[in-house]
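# Notes for the structure review
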Amino acid sequence: MARTPLMAGNWKMNLDHLEAAALVQRLYWELQDANFDYSKVEVVVLPPFTDLRSTQTVTDADSMHIKYGAQDVSTHPDGAYTGEISARMLAKLGCSYVVVGHSERRQYHGETDQEVGQKALAAFGGEMVPIICVGEPLPVRKSGEHVAYTLAQLDGVFAELSGELARDAVVAYEPVWAIGTGEVATADDAEEVCAAIRVRLGELFGGDVSQRVRVLYGGSVKASNVAGIMAQPNVDGALVGGASLDAAEFARICRFHDHVA
Ligand code: PGA
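What comes next is a walk through the structure. Numbers given to residues run from 1 along each chain, matching the order in which its sequence is written. Per-residue local features are limited, in this predicted model, to residues with pLDDT of at least 70; the limit for side-chain atom pairs, both in listing and counting, is 80 or more; totals at the level of whole chains, interfaces and linings are taken over all residues. Excluding hydrogens and water, the side-chain values take into account all heavy atoms of the structure.

To continue, consider the pairing of strand E3 (residues 67–70). Sheet analysis places strand E2 (residues 42–46) next to E3, joined by 2 bridges and oriented parallel. Along E3, the bridge assignment pairs valine 44 with lysine 67. Remark: the E2/helix H2 (residues 52–61)/E3 crossover connection has right-handed handedness. In the sheet, E3 pairs with strand E4 (residues 97–100) via 2 bridges, with the strands oriented parallel. Pairing of glycine 69 across the sheet is with tyrosine 97, part of E4. Crossover connection from E3 via helix H3 (residues 87–92) to parallel E4: handedness right-handed. In this analysis, strands are considered paired if DSSP registers two or more bridges between them. Secondary structure elements follow DSSP: runs of H or I of four or more residues count as helices, runs of E of two or more count as strands, with numbering from the N terminus. The definition of a right-handed crossover adopted here requires that, viewed with the strands pointing away, the path from the first strand over the helix to the second runs clockwise.

Let us now look at the environment of histidine 76. Assignment of secondary structure puts histidine 76 in the loop between E3 and H3. The cut-offs for exposure are 20% and 50% of the maximum accessible area for each residue type, with area from a 1.4 Å probe on protein chains only; residues under the lower value are buried, those over the upper are exposed, and the others partly exposed. With a relative accessible area of 27%, histidine 76 lands in the partly exposed category. With 32 residues separating them in the primary sequence, histidine 76 and tyrosine 108 have C-alpha atoms 20 Å apart. We call two residues contacting when some pair of their heavy atoms lies within 4.5 Å. If sequence neighbours within four positions are ignored, histidine 76 has contacts with Tyr81, Glu84 and Ser86. Here a polar contact is taken to be a pair of N or O atoms separated by no more than 3.5 Å, where protein atoms must pair a possible hydrogen donor with a possible acceptor and residues adjacent in sequence count only if both atoms sit in side chains. Polar side-chain contacts of histidine 76 include one of 3.4 Å to the side chain of tyrosine 81.

All right, on to helix H12 (residues 247–254) then. When you tally the buried positions in H12, you get 6 out of 8 residues, the bulk of the element. Among the residues of H12, those classed as buried are Ala247, Glu249, Phe250, Ala251, Ile253 and Cys254. Taken together, the buried residues of H12 touch strand E1 (6–10), helix H1 (17–33), E2, helix H11 (226–230) and strand E8 (237–240). Two or three places before alanine 248, at the opening of H12, aspartate 246 has a side-chain oxygen 3.0 Å from that residue's backbone nitrogen.

For the rest of this paragraph, the subject is the side chain of aspartate 72. Here aspartate 72 shows up in the loop between E3 and H3. A polar side-chain atom of aspartate 72 sits 3.3 Å from a polar atom in the side chain of arginine 105. Once you skip the residues sitting within four places of it in the chain, aspartate 72 turns out to touch Phe49, Leu90, Val98, Val99, Arg105, Glu111 and Lys119.

Here a residue is considered near a molecule or strand provided that any single heavy atom belonging to it is located within 4 Å of it. Near the ligand, the surroundings consist of 13 residues, among which Lys12, His102, Glu174, Gly180 and Ser220 are the closest. Contacts to the ligand include histidine 102, whose side-chain N or O atom sits 2.7 Å from an oxygen atom. A distance of 2.8 Å is found between an oxygen atom of the ligand and a backbone nitrogen or oxygen belonging to glycine 241. Surface accessibility follows the Shrake-Rupley procedure with a 1.4 Å probe radius. Residue values consider only the protein chains on display as shielding. For the ligand, whose accessible area on its own is 290 Å², the fraction buried by protein is 95%. For the shell around the ligand, the class distribution of residues is 4 nonpolar, 7 polar and 2 charged. Nonpolar residues are Ala, Val, Leu, Ile, Met, Phe, Trp, Tyr, Cys and Pro. Charged residues are Asp, Glu, Lys and Arg, and all others, Gly as well, are polar.

Attention now moves to the sheet that holds E2. Taken together, the 8 strands give a closed barrel; going around it, the order is E1-E2-E3-E4-E5-E6-E7-E8, and neighbouring strands pair in parallel fashion. Pairs of neighbouring strands in the sheet enclose a mean axial angle of 25°, with direction left out of account. In terms of strand pairing, strand E7 (residues 214–218) meets E8 through 2 bridges, oriented parallel. The residue of E8 that forms the bridge with glycine 218 is leucine 239. Where helix H9 (residues 187–205) meets the sheet, its contacts fall on strand E5 (129–134), strand E6 (170–173) and E7, and the angle it forms with E6 comes to roughly 145°. To define axes, lines are fitted to C-alpha atoms, for helices over the stretch in contact only, and angles between the resulting N-to-C directions are given on a 0 to 180 degree scale.

Given below as structure tokens:
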């Protein structure tokens with residue numbers, strides 16, 4: 001099955017709503033200039049919550065094909081949860097995707113696999129696609145247990161989801177030691193774990209699901225290394241942090257087909 005590559009820019013806690021509007025517009029112009037074919041690569045930006053409305057306004061106004069989503073969602077549908085944002089609120093703003101279980105959420109907010117699974121469920125409830133993040137910290141990589149560790153996270157998250165839902169999920173493998181460090185995993189490292197994720201999805205839900213789910217790599221992806229990573233058979237896209245804050249650089253990442261691996 002042909003899986004459409006997905007390039008998702010995780011802006012993290014950067015840019016106010018005016019800067020967000022400017023960045024989306026610049027990205028659009030960069031891609032327009034290059035006659036970008038959105039049917040070949042899906043382009044998604046993931047701004048902070050407060051930037052979603054202005055992102056919606058500029059993407060709608062110019063009928064851009066750039067999609068957008070949020071970086072987190074509450075497990076609860078509504079109620080007395082001060083500071084939280086529900087799936088319904090995000091869906092109403094036109095979000096297509098929600099990142100769940102990013103390592104920074106796991107590390108700073110103690111999110112567990114079960115909670116991440118419930119967040120994925122909440123995203124599906126709002127008819128959005130969860131981008132489910134998994135990946136090992138440095139000591140685990142050094143111990144050689146990275147595949148087992150990452151698959152255990154995957155099992156914990158997907159225990160909350162039926163096969164019907166799982167088939168539409170996106171998984172992002174992000175080794176924690178490669179996030180924001182400039183320390184990119186080699187293309188072979190990325191492929192090793194992304195392939196193992198696909199095999200495990202097959203064991204959990206069957207071949208149809210495993211062939212359909214897109215598995216992204218994330219961690220210091222740049223225009224200069226994206227082609228080699230995307231050349232791997234089990235890598236279907238990238239979750240890009242720092243490099244997605246530069247419109248020209250992120251546009252070059254989205255245009256990885258034009259690069260030589
Ligand atoms: P980075 O972040 O590209 O800045 O390493 C990736 C991520 O955290 O999603």
